[in-house]
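# Descriptive structure summary
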Amino acid sequence: QVQVVESGGGLVQAGGSLRLSCAASGTINSINTMGWYRQTPGKQREFVAHMSSVGRTDYADSVTGRFSISRDNAKNTVYLEMNGLKPEDTAVYYCAVRQSLWTYWGQGTQVTVSS
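This report concerns the structure included in the present document.

Definitions and cut-offs
- Residues numbered from 1 in each chain as written.
- Predicted model: local features only at pLDDT ≥ 70, side-chain atom pairs only at ≥ 80, totals over all residues.
- Heavy atoms only, no water.
- Buried < 20%, exposed > 50% of the residue type's maximum accessible area, 1.4 Å probe, protein only.
- Helix = DSSP H or I, 4+ residues; strand = E, 2+ residues; numbered from the N terminus.
- Pairing = 2+ DSSP bridges.
- Core = buried A, V, L, I, M, F, W, Y, C linked by side-chain atoms within 4.5 Å.
- Contact = heavy atoms within 4.5 Å.
- Disulfide = S-S within 2.5 Å.
- Phe/Tyr/Trp six-rings, centres within 6.5 Å; stacked < 30°, edge-to-face > 60°.
- Lys NZ or Arg CZ within 6 Å of the ring centre and 35° of its normal.

### Considering the pairing of strand β11 (residues 109-114)
- Judged by which residues are buried, β11 turns out to be one-sided: T109, V111 and V113 face inward and are buried, whereas Q110, T112 and S114, on the alternate face, are not.
- As judged from the four bridges shared by strand β2 (residues 10-13) and β11, these two strands associate in the parallel manner. Note that in β11 the partner of V12 across the bridge is V113.
- Where strand β9 (residues 91-99) and β11 come together, three bridges link them in antiparallel fashion. Paired with V92 across the bridge in β11 is Q110.

Structure, rendered in structure tokens:
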């Protein structure tokens, strides 16, 4: 089993920055993808960014150029550096770990961007 825990959310003014962290524990395969999704009330959960074990990254069009994902395999941790935040970035951000046929989710961390 895999446990996933996010942290780093909070309240920030538009144009500001936040750094989210996600720590995974348990049985972590050498080949995996760790990433971020977000969800607001009344909307489906949407993809934000992810990064594979070999360093391949993908970003949603809405965050490309503003967000940066990185990993620290020694800590089984993935980070999301969010810059130039906009009010529309307000959401609960969820970390996901995908390996083999399984996806494991964190509990979510709230990000609120004021205008």
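### Observations regarding the nonpolar core
- With 27 residues, the main nonpolar core has W36, V48, F67, L80, M82 and Y93 as its most contacted residues.
- Look past the residues within four positions of Y93 in its chain and what remains in contact with it is E6, L20, W36, Y37, R38, V48, F67, L80, M82, G108, T109 and V111.

### Concerning the state of the cysteines
- Counted under the stated rule, the structure contains one disulfide.
- Across a sulfur-sulfur distance of 2.0 Å, C22 and C95 are joined as a disulfide pair. When the S-S torsion is -80 degrees, as for the bridge of C22 with C95, the disulfide is left-handed. Here C95 lies in strand β9 and C22 lies in strand β3 (residues 18-26), a separation of 73 residues in the sequence. Each member of the pair, C22 as well as C95, carries the same accessibility label: buried.

### Focus: the packing of aromatic side chains
- Counting across every chain of the model gives two aromatic pairs.
- A centroid spacing of 5.7 Å and a plane angle of 75 degrees characterise the contact between Y37 and F47, whose relative ring orientation is edge-to-face. Taken together, the positions of Y37 in strand β4 (residues 33-39) and F47 in strand β5 (residues 46-52) put the pair 10 residues apart, joining distant regions of the chain.
- Residue classification places Y37 among the buried positions, given a relative accessible area of 17%.
- F47 gets classed as partly exposed once you look at its relative accessible area, which sits at 27%.
- When the ring of Y37 is compared with that of W105, the centres are 5.1 Å apart and the planes differ by 65 degrees; the resulting orientation is edge-to-face. With a gap of 68 residues between them, Y37 in strand β4 and W105 in strand β10 (residues 102-105) connect regions that are remote in the sequence.
- The lysine or arginine in question, R19, covers the ring of Y79, its NZ or CZ lying 4.3 Å from the ring centre.

### Some points on unusual backbone geometry
- For N76, which is not a glycine, the phi torsion comes out positive at approximately 50 degrees.
- By the element assignment, N76 lies in the loop between β7 (67-72) and β8 (77-82).

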